[in-house]
Amino acid sequence: MSLAQEKIRLRAELRAARDAIPPERAAAAAGDVAARTLRWLLGKGLDPARAPIGLYASLPGELDCLPLLAALAEKGYPTLLPVAGAKATPLAFRLWRPGDPLVPGRFGLREPAAAAPEMRPQILLLPLLGFDGEGTRLGFGGGYYDATLAHLRGNGLRLAGGLAFACQRAEKIPRENHDEKLDFVVTEAELFDFTDSSCASCSSAT
């Protein structure tokens, strides 16, 4: 089986596992992920005024990052959402806070209005379909986030992490040369810090 075929197989398998999560469990998981991620980020000693954080407008089935976004905004962090351009090109990010409007973008995505200020995130929190114990991310195949990470990592990005349900962890994600690794992943069960060789799974971050 080729790498492309294996990715297709894994996408179907992990999407099915994710989509089988009951709504009440998904909502509880989003709250747990928000609390764990916020504690971890606050422990980094970041100055909120100087640390814009990019998140995403969740699609059906994705872990809802709105509880985390609201908590970050309350702490004073500038919270950003992506704006998509041509396929496999870096995303732009605009300021968005709870209560601001969202407008239809490409592929049915919801995006901040064009009048919202464009900013560059220092920390980026991504959606995903799967991840493994080495920080390899399995996305949706559009190439947006790989292009975005490659661009931002040369332009001030400090950390890139994924938000996921625990069932989205795979034993091994096939990795190609263009696939950008994550620095950390947060689930409702634990936080995985791939930048710390002594702590691949940082359950103490709960």
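This text follows the structure it describes.
Described below are features of the structure shown in this document. Quick caveat, the model's predicted, so the values are computed rather than measured. (Residues numbered from 1 in each chain as written. Predicted model: local features only at pLDDT ≥ 70, side-chain atom pairs only at ≥ 80, totals over all residues. Heavy atoms only, no water.)

Looking at where Leu42 falls in the secondary structure, it is placed in helix H2 (residues 23–42). Once the C-alpha coordinates of Leu42 and Arg120 are considered, the two residues, 78 residues apart in sequence, prove to be 20 Å apart. Setting aside its immediate chain neighbours within four residues, Leu42 contacts Lys75 and Tyr77. (Helix = DSSP H or I, 4+ residues; strand = E, 2+ residues; numbered from the N terminus. Contact = heavy atoms within 4.5 Å.)

Moving on to the pattern of salt bridges. Tallied over the full model, the rule gives ten salt bridges. The salt bridge involving Glu180 is made with Arg153; its shortest N-O contact spans 2.8 Å. Of the two residues, Glu180 sits in the loop between strand S9 (159–163) and strand S10 (184–186) while Arg153 sits in the loop between helix H4 (144–152) and S9, which places them 27 residues apart along the sequence. Looking at Glu180, the relative accessible area reads 23%, which means it is partly exposed. Between Asp183 and Arg153 there is a salt bridge whose closest N-O contact spans 3.5 Å. With Asp183 in the loop between S9 and S10 and Arg153 in the loop between H4 and S9, this pair connects stretches of sequence that are 30 residues apart. Given the relative accessible area of 31%, Arg153 is considered partly exposed. Beyond isolated ion pairs, a larger network of salt bridges with shared partners links Glu6, Arg9 and Glu13. (Salt bridge = Lys/Arg side-chain N within 4 Å of Asp/Glu carboxyl O. Buried < 20%, exposed > 50% of the residue type's maximum accessible area, 1.4 Å probe, protein only.)

A separate point is the sheet that holds S9. Sheet architecture is open: seven strands sit in the order S3-S2-S1-S6-S9-S10-S11, paired in mixed fashion. Each edge of the sheet is formed by a strand with only one pairing partner; in this case those strands are strand S3 (92–95) and strand S11 (191–193). When S10 meets S11, the two strands line up antiparallel, connected through three bridges. Note that in S11 the partner of Val185 across the bridge is Phe192. The strands touched by helix H3 (residues 66–74) are strand S1 (53–54), strand S2 (79–83), strand S6 (123–126) and S9; relative to S2, the strand with the most contacts, the crossing angle is about 135 degrees. Its contacts with the sheet put H4 on S2, S3, S6 and S9, and the angle it makes with S6 is roughly 170 degrees. (Pairing = 2+ DSSP bridges. Axes fitted to C-alpha atoms, helices over the stretch in contact; angles between N-to-C directions.)

Counted residue by residue, S2 has five buried out of five residues, so it is predominantly covered. In terms of strand pairing, S1 meets S2 through two bridges, oriented parallel. The partner of Gly54 across the bridge, within S2, is Leu80. Read as a crossover between parallel neighbours, the route from S1 over H3 to S2 is right-handed. Pairing of S2 with S3 involves four bridges; the strand directions are antiparallel. Along S3, the bridge assignment pairs Val83 with Ala92. (Right-handed = clockwise from strand over helix to strand, strands pointing away.)

By themselves, these observations are geometric and do not establish any function.
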